[in-house]
Amino acid sequence: MDSYNTGNPIGLGPRKRHSKNKFLRKLSILFTLLLLSVGGFIAYQYIKSKQQLATVTVTTLGQVPVANMEKSRVDQWNGVTKKVAYLTFEDGPSALTTDILNELAQQQVKATFFFIGSNIDAQPTFVKDTATAGHYIGLHSETHDYETLYKKKQYVKEMLSVQKKINQLTGHSPLLTRPPYGSSPGISKTIANDVASANLRVWDWSIDSMDWYYKDSAKEVAKTVIDRAEDPFEIILLHEQPQTLRALPAIVAGLKKKGYQFSIYDEDFHIPFNFVQQSNL
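Cut-offs used in this document
Residues numbered from 1 in each chain as written. Predicted model: local features only at pLDDT ≥ 70, side-chain atom pairs only at ≥ 80, totals over all residues. Heavy atoms only, no water. Helix = DSSP H or I, 4+ residues; strand = E, 2+ residues; numbered from the N terminus. Buried < 20%, exposed > 50% of the residue type's maximum accessible area, 1.4 Å probe, protein only. Contact = heavy atoms within 4.5 Å. Areas by Shrake-Rupley, 256 points an atom, 1.4 Å probe, with all protein chains shown as cover. Core = buried A, V, L, I, M, F, W, Y, C linked by side-chain atoms within 4.5 Å. Phe/Tyr/Trp six-rings, centres within 6.5 Å; stacked < 30°, edge-to-face > 60°. Arc of directions from axis to C-beta. Lys, Arg positive; Asp, Glu negative; His and termini not counted. Salt bridge = Lys/Arg side-chain N within 4 Å of Asp/Glu carboxyl O. Polar contact = N/O pair within 3.5 Å; in protein donor to acceptor, adjacent residues only side chain to side chain. Axes fitted to C-alpha atoms, helices over the stretch in contact; angles between N-to-C directions. Parallel < 35°, antiparallel > 145°, perpendicular 65-115°, else oblique. Left-handed = near helix turned anticlockwise from the far one by under 90°. Nonpolar A, V, L, I, M, F, W, Y, C, P; charged D, E, K, R; others polar. pLDDT = per-residue confidence, 0-100. Pairing = 2+ DSSP bridges.

1. Considerations on the overall build of the chain
A count of helices and strands for the chain gives nine helices and ten strands. Burial statistics for the chain: of 281 residues in total, 37% are counted as buried. Restricting to contacts in the chain with at least 6 residues of sequence separation, those with at least 24 account for 75%. Looking at the chain as shown, the accessible area adds up to about 17,500 Å², and 55% of this sits on carbon and sulfur atoms.

2. Observations concerning the nonpolar core
Core analysis: the biggest nonpolar cluster contains 46 residues, and Leu87, Phe89, Leu104, Tyr155, Ile251 and Leu255 have the highest contact counts within it. Among the elements that take part in this core, helix H9 (residues 242-257) stands out by supplying six residues, more than any other. With residues up to four places along the chain from it excluded, the contact list for Leu104 reads Leu87, Phe89, Val109, Ala111, Phe113, His135 and Leu248. Tyr136, Leu176, Trp203 and Tyr265 belong to the second-largest nonpolar core, a separate cluster that totals ten residues.

3. Comments concerning the packing of aromatic side chains
Counted by the stated rule, this structure contains 14 aromatic pairs. Centre to centre, the rings of Tyr86 and Trp203 are 5.2 Å apart; their planes meet at 75 degrees, and the pair counts as edge-to-face. Here Tyr86 is found in strand E3 (residues 83-92), whereas its partner Trp203 is found in the loop between strand E7 (201-202) and strand E8 (207-208), with 117 residues between them in sequence. No difference in accessibility class separates Tyr86 from Trp203, as the two residues are buried. Between the aromatic rings of Tyr213 and Tyr214, the centroid separation amounts to 5.0 Å while the plane-to-plane angle is 80 degrees, which identifies the pairing as edge-to-face. Exposure remark for Tyr213: the relative accessible area of 53% places this residue in the exposed category. Grouped by ring-pair contacts, the aromatic residues Tyr86, Tyr136, Trp203, Phe233, Tyr265 and Phe273 constitute a single cluster.

4. Describing helix H4 (residues 124-132)
Residues of H4 that are buried: Phe126, Val127 and Thr130. Buried residues of H4 fall within an arc of 105 degrees about the axis and therefore sit on the same side. Structurally, H4 contributes buried residues whose contacts are with helix H2 (97-107), strand E4 (112-115), helix H3 (117-122), strand E5 (136-139) and helix H6 (155-170). The positive-phi residue at the C-terminal boundary of H4 is Gly134, with phi of around 90 degrees.

5. Details of the side chain of Arg201
Within the element layout of this structure, Arg201 appears in strand E7. Within the buried core, Arg201 has no salt-bridge partner, and the shortest N-O distance to an opposite charge, that of Glu267, equals 5.4 Å. A distance of 2.9 Å separates a polar atom in the side chain of Arg201 from the backbone oxygen of Glu267. When residues no more than four places from it in sequence are discounted, the contact partners of Arg201 are Leu175, Leu176, Thr177, Val195, Tyr265, Glu267, His270 and Leu281.

6. Side note on the packing of H2 against H9
Their axes nearest at 10 Å, the elements H2 and H9 cross at an angle of 25 degrees. When the axes of H2 and H9 are compared, the pair comes out roughly parallel. With respect to the hand of their crossing, H2 and H9 are arranged in right-handed fashion. Contact residues: Asp99, Ile100, Glu103, Leu104 and Gln107 in H2; Leu245, Leu248, Pro249, Val252 and Lys256 in H9. The residue inventory of the contact of H2 with H9, partitioned by class, reads six nonpolar, one polar and three charged.

7. Details of the confidence of the model for the chain
Across the chain, the average pLDDT comes to 83, with 72% of residues at 70 or higher. Note that pLDDT drops below 50 for residues 50-74; the model gives that stretch ten contacts with residues more than four away or on any other chain.

8. Notes on the pairing of strand E9 (residues 233-239)
Burial analysis of E9 places six of its seven residues in the buried class, the great majority of the element. The sheet contact formed by E3 and E9 spans seven bridges and is parallel. Along E9, the bridge assignment pairs Glu90 with His239. Examined bridge by bridge, E8 and E9 share two bridges and lie parallel to one another.

Here is the structure:
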């Protein structure tokens, strides 16, 4: 029996070796490696050229590119919607301004104040105190008179006058205005265009505390604010009144319990909010 057939029941014997097929396989492998090498070299040259084109020759310090570190506001964190309340006080400064500032400091809360020009003239020190404490001071007209502001179209003129007074006392020219009696229907399209041209802005409110109505009940003032606070963004209308001052601790505690944080108006992140529905204000 042929030694190659030992243990082979079929008896086919050894297969013939094909040297030609072996040569072709080696040639194919070499060709593949060559293509990979050429492709890699071309890719390297392409990337290198791109990097060279992106390189900027800097000859002075002023030419060094500055990274943009601006970030948008975070509205959600771990799936929880951020809730922000803006406490806004009108008609100051007044004899109660210092007490309000002290209460806010005790509560570790910042607020936004809208001052009247004639009151600034009478109480200039309170304006400085409010700014020093880190609160935002906005514009609330000179006269607080509906006919003068809206019928006679003196809104922008009066707001700019108040802006100048605040700048003289604090070094800052605020842009935010609070229209006495609200923007609707007083601010017409003509006035709105004048406001935008003067680079001023308008904020009304989302919650009226009714402190002008509940003059003898701080409890009702606080309850009104807390019960009405539902949206993630709330602007709360308050006045420098005794009942408001007494209600302040309960308002802060109640809003915190509902998950609200407190903030002041930020000119760099203006959120349009006005009754006349003008997006440019």
